[in-house]
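Results of the structural survey
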Amino acid sequence: MKPGDSAKSLQVARHALVSGGLLTTALRSSDVRPDILRSWRRCVSASTPSERIRTRRIERGNASDLLTRAAAPILDHLESELADLGVAVLMSNRSGRIIARRAADFRQRDLLDENCVLEGFDYSESTVGTNGLGTALEEKQAVSVHGAEHFNDALQVFACAGVPILSPRNGVVAGSLSLAATAAASNPMMMSLTKLAVSQIEQALKELVWAREATLVSAFQRSKAHRGLSMLLTDDSVLADNALLPLMIPSTYVALWEAAQRQAWTDGTAVLDITLGDVALSVEARRVEDADGPAYLLEFPAEPLGRHRPGPAATAQRGKPALGVHAVPEVSDRVLAAAAAADVLAFNGPPGSGRLRTASRLASAEGRDLLVLNATTFDATSLHEWLARAARGIAAGSRVVIRHAEQLPVSAIAAVESILSDSARQTKQRRGLLVATVDRTRAPQAVNDLLDRLAVTIDLPSLAEMRECVPGIAEEILQSLSDGRTRWRLSSSSLQALLRWNWPGNVRELRSVLQAAASTAHGAVIQVDDLPPRITEAHRSASLSGIERAERTAIVTALAKWRGNRSRAAEELGIGRTTLYRKMRELKITNDGNWLE
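What counts and what doesn't
- Residues numbered from 1 in each chain as written.
- Predicted model: local features only at pLDDT ≥ 70, side-chain atom pairs only at ≥ 80, totals over all residues.
- Heavy atoms only, no water.
- Helix = DSSP H or I, 4+ residues; strand = E, 2+ residues; numbered from the N terminus.
- Buried < 20%, exposed > 50% of the residue type's maximum accessible area, 1.4 Å probe, protein only.
- Contact = heavy atoms within 4.5 Å.
- Areas by Shrake-Rupley, 256 points an atom, 1.4 Å probe, with all protein chains shown as cover.
- Polar contact = N/O pair within 3.5 Å; in protein donor to acceptor, adjacent residues only side chain to side chain.
- Phe/Tyr/Trp six-rings, centres within 6.5 Å; stacked < 30°, edge-to-face > 60°.
- Lys NZ or Arg CZ within 6 Å of the ring centre and 35° of its normal.
- Pairing = 2+ DSSP bridges.
- Axes fitted to C-alpha atoms, helices over the stretch in contact; angles between N-to-C directions.
- Parallel < 35°, antiparallel > 145°, perpendicular 65-115°, else oblique.
- Left-handed = near helix turned anticlockwise from the far one by under 90°.
- Nonpolar A, V, L, I, M, F, W, Y, C, P; charged D, E, K, R; others polar.
- pLDDT = per-residue confidence, 0-100.

A look at the overall build of the protein chain
Counting its secondary structure elements, the protein chain contains 22 helices and 17 strands. Evaluated residue by residue, the protein chain yields a buried proportion of 50% over its 597 residues. By sequence separation, contacts in the protein chain at least 24 residues apart represent 65% of the contacts at least 6 residues apart. With the model as given, the accessible surface of the protein chain reaches about 27900 Å², and the carbon-plus-sulfur share is 51%.

Here you go:
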């Protein structure tokens, strides 16, 4: 078959798959190579566009990243060797973001630029379709993609050879390397060169990892001279005395790491004041020099650890639900005490703060059924039926929830008050049967007056006010997402990123983020690159000063409140739009208009 005929056959096959869907019978498997067909099917399943490049720039990571540093001299050598052949060298991280590009020919650079083949841009398969970087990551093996085998029309001018790069620590995919040329200038040797370069990168990466680990182990061994217990923390590993190992659940690691990262380290030493379970500790800490990245040596007093008891997050980490009806024990105690003493409760908090979740847990703890009536569906024509359902639920001993009570029509308040008062008098022997979930800052005065007369109000904290509970809540959400085959869990770096985010959408936003991350993660472990850019960018902004972090938080919060409207956000912050744009660039804030997902 002539090359032109082959390209036409591939285009017809791809069109048949795109138009007919995954179950189409019009496609002959002999028309397309198996690995390319698998890639196309994944693209169709992910609704990847085939007519245009739909990608965006993702904030760049740390320039000292081991993979980037290990590969740099090898990529430079390849660029020099391939300068006259019109072949570009591309490398991505494990999520498909391009972290290195080498292209000596200015015409090729222009062509790459036109298609956003640039450092920082997302070239995962689900974003831009079949390509040497993203498809090598998905297939976890070498792939070649030539011309019309690309799923996206814009990329069919290229031919590429991609190979995944494996981590020397655990053998998982750490990134991918691809050589790319125009389809007309492609060379059969591209794949061999790519495989050779990857083997060299993996060896260089192994040597860097070994050198770093030798430095860390040496520092840990030298710490044994003191009388306490030692623990060495890095951004991806822990080395500890045996007596400390029971503490090393992800939430404890993150708490220690965050405490260390917050220090100024003016003289290389610090004292970290932390709480583990119900024990407050002062831990002597020292920054390890020459560790090729942040590393901290912690010295624990031996005596208090004998009294350590894990908190709710640790209990959830072991696969058991946290005790109580709310993640914060003090709030849980207030809810249970109020439920035992009052006829009507009001759970007050911002949207997404877990008001309905708390009511559901309360009903479960009491052994009652749950009946939820949504005030947003209330209207004058349904008044009688709506109130009758509430009365029947209360009479049956159910925990009745009026959700979004701030949206009750003022015209219905008198009728609602009457039936609640009657029901309360009829059920004095079984108190606490009704809950209103409400945001009292948005409720009309008449609704607030009704709650003041009838209800005991319990304020639920926002997620930003209980960051220490994020690991436990995230674990519970991930358990609920399990399909029986995959038990999702968070890497330590992704958990750190979640703890640094200010969660304007509260628990609802956390659930949305974890659902999206689980749907795109490579394997059962959710990595930091699986999280939305707004969260990973906040995670990478940890190097900012205290004032810069405060400014960044204020801007992100204002943008979230106004759904990305920069004019309204600038007005709220009391600054001009030009100043806001400059601050967003300086503080690495993107405005994708998707704050709450």
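After presenting the structure, the write-up continues.
Focus on the side chain of R102
Turning to its location among the elements, R102 is positioned in strand β2 (residues 98–102). We classify R102 as buried; its relative accessible area is 16%. Only 2.8 Å separates the side chain of R102 from the side chain of D76, close enough to count as a polar contact. The contacts of R102, once residues within four sequence positions are left out, are A72, L75, D76, E79, A88, V89 and E119.

Comments concerning the packing of aromatic side chains
The tally for this structure, following the rule as stated, stands at one aromatic pair. On the basis of an interplanar angle of 65 degrees and a centroid distance of 5.3 Å, the ring pair of W257 and Y296 is categorised as edge-to-face. Note that W257 is positioned in helix α8 (residues 250–261) and Y296 in strand β10 (residues 295–300), a separation of 39 residues in sequence. Under the relative-accessibility criterion, Y296 is labelled buried at 4%. Lying over the aromatic face of W562, R568 brings its terminal NZ or CZ to 4.0 Å of the ring centre.

As for the pairing of strand β11 (residues 344–348)
The buried fraction of β11 is high, at five of five residues. Side-chain alternation along β11 places V344, A346 and N348 on one buried face and L345 and F347 on a second face that is also buried. Note that β11 and strand β14 (residues 434–438) share five bridges and pair parallel. Pairing of L345 across the sheet is with V435, part of β14.

Topic: the environment of I274
Within the fold, I274 resides in strand β8 (residues 269–276). We classify I274 as buried; its relative accessible area is 9%. For the pair formed by I274 and L256, sequence separation is 18 residues and the distance between their alpha carbons is 7.5 Å.

Some remarks on the sheet that holds strand β12 (residues 370–374)
An order of β12-β13-β14-β11-β15 is seen for the five strands of this open sheet, with the pairing classed as parallel. For this open sheet the edge positions go to β12 and β15 (456–459), each flanked by a neighbour on one side alone. This sheet shows a mean twist of 20 degrees between the axes of neighbouring strands, independent of strand direction. As paired elements, β12 and strand β13 (residues 399–403) share five bridges and run parallel to each other. In the strand pairing of β13, L370 is matched with R399. Strands β11, β13 and β15 of the sheet are contacted by helix α11 (residues 329–341), whose axis makes an angle of about 170 degrees with β15.

Brief notes about the sheet that holds strand β4 (residues 158–166)
Here five strands make up an open sheet; going across it, the order is β2-β1-β5-β4-β3 and the pairing antiparallel. The open sheet has two edge strands, β2 and β3 (143–146), and neither has a second partner. Going from strand to strand, the sheet's axes swing by 15 degrees on average, the running direction of each strand aside. With nine bridges joining them, β4 and strand β5 (residues 173–182) adopt antiparallel strand pairing. Bridge pairing in β5 links L166 to V173.

Topic: unusual backbone geometry
Generally, phi is negative for residues other than glycine and the peptide bonds are trans, each holding for most cases. One non-glycine residue with positive phi stands out, namely S47, at about 60 degrees. Relative to the assigned elements, S47 resides in the loop between α2 (34–45) and α3 (66–81). Of note in this structure, H404 is not a glycine but carries a positive phi near 55 degrees. Tracing the backbone shows H404 in the loop between β13 and α14 (413–426). Residue classification places H404 among the buried residues on the basis of a relative accessible area of 15%.

Examining the packing of α11 against helix α12 (residues 355–366)
Direction vectors running N to C along α11 and α12 enclose 60 degrees, while the axes themselves pass 11 Å from each other. Classed by the angle they form, the pair α11 and α12 counts as oblique. For the element pair α11 and α12, the recorded crossing hand is right-handed. Together, V335, L336 and A339 of α11 and T358, L362 and E366 of α12 make up the contact between the two elements. Of the residues that constitute the contact of α11 with α12, the class distribution is four nonpolar, one polar and one charged.

Overview of the packing of α2 against helix α6 (residues 132–139)
It is the contact of α2 with α6, at a shortest axis distance of 11 Å, that shows an interaxial angle of 95 degrees. On the basis of the axis angle, α2 is roughly perpendicular to α6. Counted together, D35, R38, S39 and R42 of α2 and T135, E138 and E139 of α6 form the full contact between these two elements. Each residue belonging to the contact of α2 with α6 can be placed in one class, and the counts come to no nonpolar, two polar and five charged.

Some remarks on the environment of I394
One can find I394 in helix α13 (residues 383–395). According to the relative accessible area criterion, I394 is buried, its value standing at 6%.

A few points about the confidence of the model for the protein chain
Of all residues in the protein chain, 84% have pLDDT values of 70 or greater, and the mean over the chain is 81. Ignoring residues within four places in sequence, the model shows residues 592–597, a span with pLDDT below 50, making 23 contacts including any to other chains.

Considering the environment of V438
Summarising the element assignment, V438 is placed in strand β14. For V438, a relative accessible area of 0% gives the class buried. Counting along the chain gives 89 residues from V438 to G349, while the straight-line C-alpha distance between them is 6.5 Å. Among all residues touching V438, those that are not within four sequence positions of it are A346, F347, N348, G349, R355, A405, E406, A443 and L451.

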